[in-house]
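# Descriptive structure summary
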Amino acid sequence: MMEPVPGSRKSLSLSLPVPREGPSTLKPPQHLWRQPRTPIRIRHRGFSDTDRHRPRPMERADAVDTGDRPGLRKARMSWPSSLHGTPGTGKRFEVENGPSPGRSPPDPQASPGLVLSPGAPPGQRRESFLYRSDSDYDASPKSMSRNSSIASEAHTEDLIVTPFAQVLASLRSVRSNFSILANVPTPTASKRSPIGSQPPLCKATLSEETSQQLARETLEELDWCLDQLETLQTHRAVSEMASNKFKRMLNRELTHLSEMSRSGNQVSEYISSTFLDKQHEVEILAPCPKEREKKRRQPPPMGQISGVKKLPPGSGAGGSSVPRFGVKTDREELLGKELDNLNKWGLNIFRVSEYSNNRSLSCIMYTIFQERELVKTFKIPVETLLTYTLTLEDHYHADVAYHNSLHAADVMQSTHVLLATPALDAVFTDLEILAALFAAAIHDVDHPGVSNQFLINTNSELALMYNDESVLENHHLAVGFKLLQEENCDIFQNLSRRQRQTLRKMVIDMVLATDMSKHMSLLADLKTMVETKKVTSSGVLLLDNYTDRIQVLRNMVHCADLSNPTKPLELYRQWTERIMEEFFRQGDRERERGMEISPMCDKHTASVEKSQVGFIDYIVHPLWETWADLVHPDAQEILEALEENRDWYQSRVPPHSPSPPPRLRRRLAAPPSTASTST
């Protein structure tokens, strides 16, 4: 606490620190921000609320069937046994969703956690732009690229890029240097002992010149740490330091990209407007006469949730027999063969849709709930589950090219696989798993096929209702939860009140995180958490509080939502066609209204191939790279597929901005869809 100014009793005055050298003369630290590749251990917290069983491991895409499969109840394949680590004791949670607030960390001896192997050597895979120098921020040798001569030799170290973790790493270095200079022995049991295995130095072994040099560098490093801490805003999270840094670095990359070509400028504008949370210049247009007449006929939705419709009789679950996969189909055998891959990354969801009579979401949701025994655990009536899944799917728009029930089914199945990664084995409770899967299922329900910014710019009712903030994401949540109130649709009817409240909070947090304008903040949160654990001596990720646990779950659903480029190329290309068709439909509507056409929405100038390369380089790769750090080595094959797909699109980038592919042009020849609940 600062002392009051002498002689004053009526007020307190904060004395300003004496400038050390000033920003212009402050010398940066002289070492790289590198940490030994210490494994991160994710502490097992217990899988279920009832201690009934451990989760079944999910398999990789290239796994081999090792046994009979009478149904979907039995695990068919498993991850390599070397990836499972030592099984923990799996302590129960005291409440429905985890430890009580303020609960002390568990006894370190209670569960050894899962020890992850060191990451891949730096030179083996392309790294994202996050590892390039941010000269505006650090301007120090610490920011040297791994391509430098010094960095290329440090294959046993990780480069730390998040500012808070950099401060921690520097303070640990200062502490280590102080113990040498002051001849103070470091306790061997100290949690702040150096991570590396090198024997500690002694001042007696250093020359006077070396000792003086070490003292100067230590002081400079301490000054740098103080300089960074003094710029912190007390009401901001430390991860916001990383978010601001990453945004600045991305802006610099996009500026360079936009200067290269016209198509590069379009890609740059698209990424900037979609994935950076910033203020837009809003162009509010009066509705055209057709839209004005349509609004006069419709009741104002301010007092109700728009988009919820009464379904015709017979559209829900009916009959005494329950279909094997939750949907009626005369191609059940073919559907079953496809669903043999339910636990694999790269399930062909397009075939699932074909064999299930375009009921992919209902089929996937019902089958996963049965596979994970969530129906049994939470006492969900089967008929109620069937009714809700069909009702939910009917509230996705079949005439929207990308954001339809097929995309929701794909995201839900991807989330299902990510939840089963060995690194997260026995980490999340059944309630958290239920919430994550439900969030994935509803995350785009009643999507009109246009962006948030389009709704804001056209002064839509949804934008007015949600005050221009995560417009669609708030709407998806409202519709998804409102449908639970329909007849025989409450799949959570047997949850306790506390469980329902906890589940609702988690689902809201996860679905709001699918707002792409929040991407950089999500990425910064996750990377700061991962790197902070890397610079600690324990390297243990406890996940023993709601904030950390929901952070991982939010990023998991976000990864699943951005997983198309990590899937087999055949599937990825189909998704690319669909999203570009949806973009171009929006562009047509903007052109009809006399609006400025949004980036990547002009079918006459957009470069599909270049957009995908930029999308991967600046958005998808940094996100999955960070997720792979968290669950290493479980996501390495996903990263390899991502890089191969990126190279495929890069090889097809034409020298000039092209027109859309012929097949896509034919599909776009049809009149643009006018179906929307928001305009």
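Note that the structure is a prediction, hence the values are computed from the model and not measured. (Residues numbered from 1 in each chain as written. Predicted model: local features only at pLDDT ≥ 70, side-chain atom pairs only at ≥ 80, totals over all residues. Heavy atoms only, no water.)

## Remarks on the overall build of the protein
Formally: The way it works is that DSSP assigns letters per residue, a run of H or I at least four long becomes a helix, a run of E at least two long becomes a strand, and they are numbered from the N terminus. Burial classes: relative accessible area under 20% of the type maximum marks a residue as buried, over 50% as exposed, and values in between as partly exposed (1.4 Å probe, protein chains only). In this analysis, two residues are considered to be in contact whenever any of their non-hydrogen atoms come within 4.5 Å of each other. Only the protein chains shown count as cover for residues, with accessible areas throughout obtained via the Shrake-Rupley method and a probe of 1.4 Å.
Within the protein one finds 23 helices and five strands. Taken across its 679 residues, the protein has 53% of its residues classed as buried. Expressed as a percentage of contacts within the protein between residues at least 6 apart in sequence, the contacts between residues at least 24 apart total 80%. For the protein, the exposed surface amounts to about 31,100 Å²; the carbon and sulfur share of it is 52%.

## Observations concerning the pattern of salt bridges
For clarity, the threshold we go by: One speaks of a salt bridge when a side-chain nitrogen belonging to Lys or Arg is within 4 Å of a carboxyl oxygen belonging to Asp or Glu.
Counting across every chain of the model gives 14 salt bridges. Between arginine 591 and aspartate 588 there is a salt bridge; the shortest N-O distance is 2.9 Å. Of this pair, arginine 591 and aspartate 588 both sit in helix H20 (residues 569-593), three residues apart, which is roughly one turn of the helix. A salt bridge links aspartate 602 to arginine 591, with the shortest nitrogen-to-oxygen separation between them at 3.1 Å. Of this pair, aspartate 602 sits in the loop between H20 and helix H21 (608-631) while arginine 591 sits in helix H20; the two residues are eleven residues apart in sequence, bridging distant segments of the chain. On the basis of relative accessible area, aspartate 602 is assigned to the buried category, the value being 16%. The structure contains a network of salt bridges with shared partners spanning Asp588, Arg591, Asp602 and Lys603.

## Some words on the packing of helix H2 (residues 163-181) against helix H18 (residues 519-534)
This is how the line gets drawn: In this analysis, axes come from line fits to C-alpha atoms, helices being fitted only over the stretch in contact, and the angle between any two N-to-C directions falls in the range 0 to 180 degrees. Oblique is the label for any angle not under 35 degrees, not over 145, and not in the 65 to 115 range, which are roughly parallel, roughly antiparallel and roughly perpendicular in turn. Helix crossings fall into two classes, left-handed where the near helix is turned counterclockwise from the far one by less than a right angle and right-handed where it is turned clockwise. In this count, Pro and Cys sit with the nonpolar residues alongside Ala, Val, Leu, Ile, Met, Phe, Trp and Tyr, while Asp, Glu, Lys and Arg are called charged and the others, Gly among them, polar.
Their axes nearest at 8 Å, the elements H2 and H18 cross at an angle of 15°. Classified by the angle between their axes, H2 and H18 sit roughly parallel to one another. Of the two possible hands of crossing, H2 and H18 adopt the one that is right-handed. Touching Phe164, Ala165 and Leu168 of H2 are Thr528, Glu531 and Thr532, all from H18. Residues that form the contact of H2 with H18 fall into these classes: three nonpolar, two polar and one charged.

## Focus on the packing of helix H9 (residues 360-371) against helix H11 (residues 382-394)
At a minimum axis separation of 8 Å, H9 and H11 run at an interaxial angle of 150°. Crossing geometry of H9 relative to H11 is assigned as right-handed. Counting all contacts with H9, which are made through Ser360, Leu361, Ser362, Met365, Tyr366, Phe369 and Gln370, the residues of H11 involved are Val382, Leu385, Leu386, Tyr388, Thr389, Leu390, Leu392 and Glu393. Looking at side-chain class alone, the contact of H9 with H11 contains ten nonpolar, four polar and one charged residues.

## What about helix H5 (residues 262-275)?
Selection criterion: Here, expected helix span is obtained from the residue count minus one, scaled by 1.5 Å.
For H5, with 14 residues, the first-to-last C-alpha span of 20 Å sits near the 20 Å given by 1.5 Å per residue. All of the buried residues along H5 are Ser263, Gly264, Gln266, Val267, Ser268, Tyr270, Ile271, Ser272 and Phe275. Of the surrounding elements, those touching the buried residues of H5 are helix H4 (239-258), H18, H20 and H21.

## Focus on the confidence of the model for the protein
We count it as follows: On a range of 0 to 100, pLDDT expresses the predictor's confidence in each residue.
Of all residues in the protein, 65% have pLDDT values of 70 or greater, and the mean over the chain is 75. Per-residue pLDDT stays below 50 along residues 1-28; that stretch engages in 20 contacts with residues further than four places along the chain or on separate chains.

## Topic: the environment of glutamate 240
By the secondary structure assignment, glutamate 240 is in helix H4. Each C-alpha atom, one on glutamate 240 and one on alanine 524, is 7.0 Å from the other, the two residues being 284 residues apart in sequence.

## Description of the nonpolar core
This is how it is decided: Only buried Ala, Val, Leu, Ile, Met, Phe, Trp, Tyr and Cys residues count toward a nonpolar core, and they belong to the same one when joined by side-chain atoms within 4.5 Å.
Phe369 and Trp627 are the most contacted members of the largest nonpolar core, which has 127 residues in total. Of the residues forming this core, the biggest block, 13 residues, is contributed by H21. If we skip the residues at most four places from it in the chain, phenylalanine 369 touches Leu374, Val375, Ile380, Leu385, Met412, Leu434, Leu437 and Ile491. Counting eleven residues, the second-largest nonpolar core is a separate cluster that includes Val450, Tyr466, Leu472 and Met595.

## Comments concerning the environment of threonine 391
Summarising the element assignment, threonine 391 is placed in helix H11. In the structure, threonine 391 is positioned 95 residues away from glutamate 486 in sequence and 8.9 Å away in space, judged by C-alpha atoms.

## Quick look at a nonpolar patch on the surface
As a reminder of what qualifies: Patches draw on residues past 30% relative accessible area with no salt bridge. Two like charges within 9 Å are joined, as are two nonpolar side chains (Val, Leu, Ile, Met, Phe, Trp, Tyr) within 5 Å.
A cluster of nonpolar side chains, namely Leu171, Leu219, Leu222 and Leu226, defines an oily patch on the protein surface of about 300 Å² accessible area. Ranked by residues supplied to the nonpolar patch, first place goes to helix H3 (residues 208-230) with three residues. Along the chain, leucine 171 falls in helix H2. Taking the relative accessible area as the measure of exposure, leucine 171 reaches 33% and is therefore partly exposed.

## Section: the packing of aromatic side chains
The condition is simple: Only Phe, Tyr and Trp rings are paired, with Trp represented by its six-membered ring, and only when their centres lie within 6.5 Å; those with planes under 30 degrees apart are stacked, over 60 edge-to-face, the remainder tilted. Whether a charge lies above a ring is judged from NZ of Lys or CZ of Arg, which has to be within 6 Å of the ring centre and within 35 degrees of the ring normal.
This model, assessed by the stated rule, comprises eight aromatic pairs. Ring centres of phenylalanine 350 and tryptophan 575 lie 4.8 Å apart, and the angle between their planes is 45°; this geometry places the pair in the tilted category. With a gap of 225 residues between them, phenylalanine 350 in helix H8 (residues 349-355) and tryptophan 575 in helix H20 connect regions that are remote in the sequence. Each member of the pair, phenylalanine 350 as well as tryptophan 575, is classed as buried. Through pairs of rings, three or more aromatic residues link up here, namely Tyr388, Phe438, Phe481 and Phe492. The side chain of arginine 504 reaches across the aromatic face of phenylalanine 481, ending 4.6 Å from its centre. Positioned above the aromatic ring of tryptophan 345, the side-chain terminus of lysine 567 is 4.8 Å from the ring centre.

## A closer look at unusual backbone geometry
Here the bond from histidine 632 into proline 633 is cis, since omega is 5°, no more than 30 degrees from zero. The phi torsion at methionine 600 lies on the positive side, around 70°, for a residue other than glycine. Its location among the elements puts methionine 600 in the loop between H20 and H21. The exposure class assigned to methionine 600 is buried, which follows from its relative accessible area of 1%.

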